[in-house]
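Residue-level listing of the chains:
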Amino acid sequence: MTAIPSQASESSSQPKGDETSPVAPWRRLVSLRWWVLLGCLVLIVWQVVELRAWDSNRHQLNRLLQDYGLEDFNQTALRRISRERAPHQAKLIAARTIVHQVMSPDLDARGMPILPKERQIEALETAEGLARQALAEESESWQASMLVGASIYLRRSLMADRRLITEPESWEEPLLRAVDAAASKTEPRRILAAAYLETWPYLSAEKKDLTRQLLQQVFRHDEQALRRLAPVWLQLADNEEEALSVVPDNVLAWQLIKYLYGRSLDWGAYASAHRRFLDALDNQLTANLDEAEKRRKLGDEAGSRELCLQIVQQAPRQMRFVPYVVRALEIYPPGLQGLRPNEGVLEWLRWAVALDAVEVSPLPAKTIDDLMTMASGLETSVAAHAALLANNVYSMRLLERQSAHKHTLEWSAFLLAKGRRLAESGAIDEAQKALDDLNLAAHNTYRAWQVRALMAEQQEESTALAVAETEMQSFADRRWGALAWDLSQRSPKLFFVSAVAARGVRLEVIEPGPRGDAISVLVDGTEVAVQAMAGGEHYDLMFDIEPGPHLLQVVSLSGQPTALGSVELID
């Protein structure tokens with residue numbers, strides 16, 4: 001008979017403890033979860049403490065800027081600091097705000113000082129400390145290096161501290177590190193260039209060469225830096241060639257350089273800058289034409305029209321820039337002409353009309369007609385003359401009928417131009433009628449006798465032709481006095497008949513304006529010289545002159561009135 005094991009024996013056969021109990025893994029899991037929860041709680045508490053500490057630091061940085069009076073200077077900085085999660089980045093924002101305020105003009109919008117010098121020095125010390133803290137947290141930060149160097153440089157500059165010159169490595173090395181680390185950034189280059197310009201007399205040749213390279217890079221991409229540093233650079237450069245070598249090839253840059261030279265009354269350098277300005281304008285107008293054509297093809301007619309009008313406005317009135325105006329008006333989308341007053345349109349028409357006196361036709365008839373559709377406010381006599389050049393007979397006759405003052409000198413240029421064309425076409429009676437309408441003062445002029453000579457030639461009247469040619473020859477000369485200048489418009493003009501072929505003219509300047517001037521000299525619409533001027537001087541302007549009628553025009557580049565004297569041929 002088999003014995004049945006007792007309960008006691010069964011229980012004694014089980015392993016001691018609860019290692020194999022189903023409850024054991026659950027207990028271990030619960031224990032682990034408690035530890036995880038405890039760790040999370042510690043982490044949350046630590047983060048809360050950190051966030052509170054950082055929130056306090058943010059408020060401290062904002063209060064710091066407010067204490068220095070910079071909350072109005074840069075509200076954006078305060079907002080960025082409030083949103084910034086990285087402490088070292090917030091410190092850089094605060095340091096940058098301080099540095100930029102010191103490097104900016106020291107007047108606010110009301111003309112009141114933002115910070116006195118003592119407070120600026122104190123603020124820069126704070127900025128250096130913040131930048132060094134940020135650099136300790138992020139050793140590769142080019143911004144931190146830049147702000148350390150900039151703070152030291154600016155503080156020593158404000159204090160007139162000799163260490164700015166005797167210990168340049170303290171500010172130079174961090175700035176150089178920033179330049180090397182931020183190859184595509186202009187900011188560290190601008191600050192380093194400014195520091196080098198301030199210490200220019202003490203720089204080695206190598207560092208001066210580096211300064212020129214920095215300025216060239218900065219000026220190309222930073223218009224504000226050009227405006228702030230160019231005046232200093234122009235004074236420090238050894239010569240004109242060196243000064244202009246760092247200027248970027250764009251119109252705005254050369255306009256600024258011209259203004260700075262004009263302000264310092266260096267008219268020779270002004271003339272050089274003007275020549276380079278014209279070269280840059282060539283490039284810009286070419287680019288604008290391409291862009292205007294592209295916009296029209298894409299359906300942006302308003303943008304294309306705006307660019308075309310800009311080209312007409314910006315292009316100087318001289319032969320060199322005629323192709324740009326012609327092409328702009330070919331591209332110009334139809335419609336909306338004349339809605340916007342454009343002084344450039346009027347000036348181009350006046351210029352073309354003036355050159356008709358010497359039988360020079362700079363603009364095609366179609367271009368003149370297009371300009372007429374845009375023009376408003378043009379003098380009636382000039383508008384009639386322009387319509388004549390555009391072969392727009394209807395408009396010409398309408399303008400003639402509208403005027404009750406055709407016998408005035410104002411209408412003489414038109415009547416002489418009309419008479420010449422009528423005589424050339426054989427309409428003798430109508431040509432004579434144009435001469436009869438002339439003001440008495442215009443009857444005995446070279447152009448009036450020119451019309452009579454054409455009429456005599458058409459009628460084969462040899463005696464009348466000989467008389468007219470003799471009278472025309474009487475106007476030929478080698479020298480013209482100050483009274484021969486036409487001062488009716490902004491730029492003085494001289495219509496003269498050269499008796500011989502010449503190599504140029506000697507121009508007398510009586511008074512170029514109270515501060516001197518630079519002028520552009522045009523003959524028959526072509527610029528032949530850009531010249532610095534002084535009062536009571538004679539200037540030899542060399543260019544080929546053929547016998548016959550010519551139009552000499554002198555344009556003041558600074559916009560000052562210029563009193564001109566005699567003009568004499570140089571054989």
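Calculation rules
Residues numbered from 1 in each chain as written. Predicted model: local features only at pLDDT ≥ 70, side-chain atom pairs only at ≥ 80, totals over all residues. Heavy atoms only, no water. Helix = DSSP H or I, 4+ residues; strand = E, 2+ residues; numbered from the N terminus. Buried < 20%, exposed > 50% of the residue type's maximum accessible area, 1.4 Å probe, protein only. Contact = heavy atoms within 4.5 Å. Areas by Shrake-Rupley, 256 points an atom, 1.4 Å probe, with all protein chains shown as cover. Pairing = 2+ DSSP bridges. Axes fitted to C-alpha atoms, helices over the stretch in contact; angles between N-to-C directions. Parallel < 35°, antiparallel > 145°, perpendicular 65-115°, else oblique. Left-handed = near helix turned anticlockwise from the far one by under 90°. Nonpolar A, V, L, I, M, F, W, Y, C, P; charged D, E, K, R; others polar. Core = buried A, V, L, I, M, F, W, Y, C linked by side-chain atoms within 4.5 Å. pLDDT = per-residue confidence, 0-100. Polar contact = N/O pair within 3.5 Å; in protein donor to acceptor, adjacent residues only side chain to side chain. Expected span 1.5 Å × (residues − 1). Phe/Tyr/Trp six-rings, centres within 6.5 Å; stacked < 30°, edge-to-face > 60°. Salt bridge = Lys/Arg side-chain N within 4 Å of Asp/Glu carboxyl O.

What follows deals with the overall build of the protein chain. Secondary structure summary: the protein chain contains 24 helices and nine strands in total. Buried residues in the protein chain amount to 46% of all 571 residues. For the protein chain, restricting intrachain contacts to residue pairs at least 6 apart in sequence, the fraction spanning at least 24 positions comes to 68%. Surface summary for the protein chain: the accessible area is close to 29900 Å², and the carbon and sulfur share equals 52%.

Right, let's talk about the sheet that holds strand 1 (residues 476-477) for a bit. Strand order across the open sheet formed by five strands is 1-3-8-5-6, with mixed pairing between neighbours. What marks the edges here is a single partner per strand, and that holds for strand 1 and strand 6 (526-533). Of the strand pairs in this sheet, strand 5 (residues 517-523) and strand 6 are connected by seven bridges, and their pairing is antiparallel. The residue of strand 6 that forms the bridge with V523 is T526.

Time to look at the packing of helix 21 (residues 412-424) against helix 23 (residues 446-459). Viewed as axis vectors pointing N to C, helix 21 and helix 23 meet at an angle of 15 degrees, and their least axial separation amounts to 9 Å. The orientation of helix 21 relative to helix 23 falls into the category roughly parallel. Once helix 21 is placed against helix 23, the crossing between them reads as left-handed. Where helix 21 approaches helix 23, its residues A413, L416, A417, G419, R420, A423 and E424 are matched on the opposing element by R447, A448, Q450, V451, L454, M455 and Q458. Of the residues contributing to the contact of helix 21 with helix 23, the split by class is eight nonpolar, three polar and three charged.

Let's shift gears to the environment of L244. With respect to the secondary-structure elements, L244 resides in helix 12 (residues 240-244). Sequence separation between L244 and L234 is ten residues; the distance between their C-alpha atoms is 8.2 Å. When neighbours within four sequence positions are excluded, L244 is seen to be in contact with W254, I257, Y261, S272 and R276.

Turning next to the environment of M372. Here M372 lies in helix 18 (residues 365-374). Residue M372 is classed as buried on the basis of its relative accessible area, which comes to 18%. Remark: the alpha-carbon pair of M372 and A390, spanning 18 residues in sequence, is separated by 8.8 Å. Residues within four places of M372 in sequence aside, it is in contact with L349, L378, A383, A386 and A387.

A general feature of soluble globular proteins is that nonpolar side chains tend to end up buried together. With 132 residues, the main nonpolar core has W171, W233, I257, Y261, W348 and I368 as its most contacted residues. Tallying contributions element by element places helix 14 (residues 267-297) first for this core, with twelve residues. Counting residues in each nonpolar core, the second largest holds 22 residues, with A529, L541, I545 and V554 among its members.

To continue, consider the pairing of strand 8 (residues 548-556). Across the nine residues that make up strand 8, a large majority, seven, are buried. Alignment of strand 3 (residues 493-498) against strand 8, held across six bridges, turns out to be antiparallel. If you follow S498 over to strand 8, its bridge partner there is G548. Looking at chain direction, strand 5 and strand 8 are connected through five bridges and run antiparallel. Along strand 8, the bridge assignment pairs I519 with S556.

A word on the sheet that holds strand 2 (residues 479-480). Working definition: the strands of a sheet are paired by backbone hydrogen bonds and lie parallel or antiparallel to each other. Strand order across the open sheet formed by four strands is 2-9-4-7, with antiparallel pairing between neighbours. Two strands bound the open sheet, and with one partner strand each, they are strand 2 and strand 7 (537-545). Here strand 4 (residues 502-511) pairs with strand 9 (residues 563-570) via six bridges, running antiparallel. Paired with V509 across the bridge in strand 9 is L564.

Moving on: the confidence of the model for the protein chain. Taken over all residues, the pLDDT of the protein chain has a mean of 85, while the share at 70 or more is 82%. In this model residues 44-56 is a low-confidence stretch, pLDDT under 50, and it forms seven contacts with partners more than four residues away in sequence or in other chains. Overall, residues 107-113 carries pLDDT values under 50, and its contacts beyond four positions in sequence, including any with other chains, amount to six contacts.

This part covers the environment of S245. Looking at the secondary structure, you find S245 in the loop between helix 12 and helix 13 (251-263). Once the C-alpha coordinates of S245 and L215 are considered, the two residues, 30 residues apart in sequence, prove to be 9.8 Å apart. Reaching out from S245, the side chain makes a polar contact with the backbone oxygen of E242 at a distance of 2.7 Å.

Turning our eyes to something else, we now look at helix 9 (residues 187-198). Counted at 1.5 Å a residue, the expected span for helix 9 with its twelve residues is 16 Å, and the 17 Å between its end C-alpha atoms agrees. Among the twelve residues in helix 9, eleven count as buried, and that is most of the element. Inspection of helix 9 places E187, P188, R189, R190, I191, L192, A193, A194, A195, Y196 and L197 among the buried residues, and these make up the whole buried set. Tucked inside the fold, the buried residues of helix 9 contact helix 4 (87-103), helix 6 (142-159), helix 8 (169-181), helix 10 (205-221) and helix 11 (223-236).

Take the side chain of Q560 next. Within the secondary structure, Q560 is located in the loop between strand 8 and strand 9. A residue is classified by how much of its surface remains accessible, and Q560, at 15% relative accessible area, is buried. A distance of 2.7 Å separates a polar side-chain atom of Q560 from the backbone oxygen of G516. Among all residues touching Q560, those that are not within four sequence positions of it are W267, P512, G513, P514, R515, G516 and D517.

Right, let's get into the packing of aromatic side chains. Counting across every chain of the model gives ten aromatic pairs. Between F321 and Y324 the ring centres are 5.9 Å apart and the planes differ by 35 degrees, which places this aromatic pair in the tilted class. Ring centres of W348 and W351 lie 5.2 Å apart, and the angle between their planes is 90 degrees; this geometry places the pair in the edge-to-face category. Note that W348 and W351 are positioned in helix 17 (residues 343-355) at a spacing of three residues, about one turn of the helix. For W348, a relative accessible area of 0% corresponds to the buried category. Classification of W351 as buried rests on a relative accessible area of 6%. Every member of this aromatic cluster is reached through a ring pair, and the members are Y153, W171 and Y196.

This model, assessed by the stated rule, comprises 26 salt bridges. The partner of E242 in a salt bridge is R212, with the nearest N and O atoms 2.4 Å apart. One end of the pair, E242, is in helix 12; the other, R212, is in helix 10, with 30 residues separating them in the sequence. Overall, E242 belongs to the buried group, its relative accessible area being 11%. Residue D571 pairs with R478 through a salt bridge whose shortest N-O separation is 2.6 Å.

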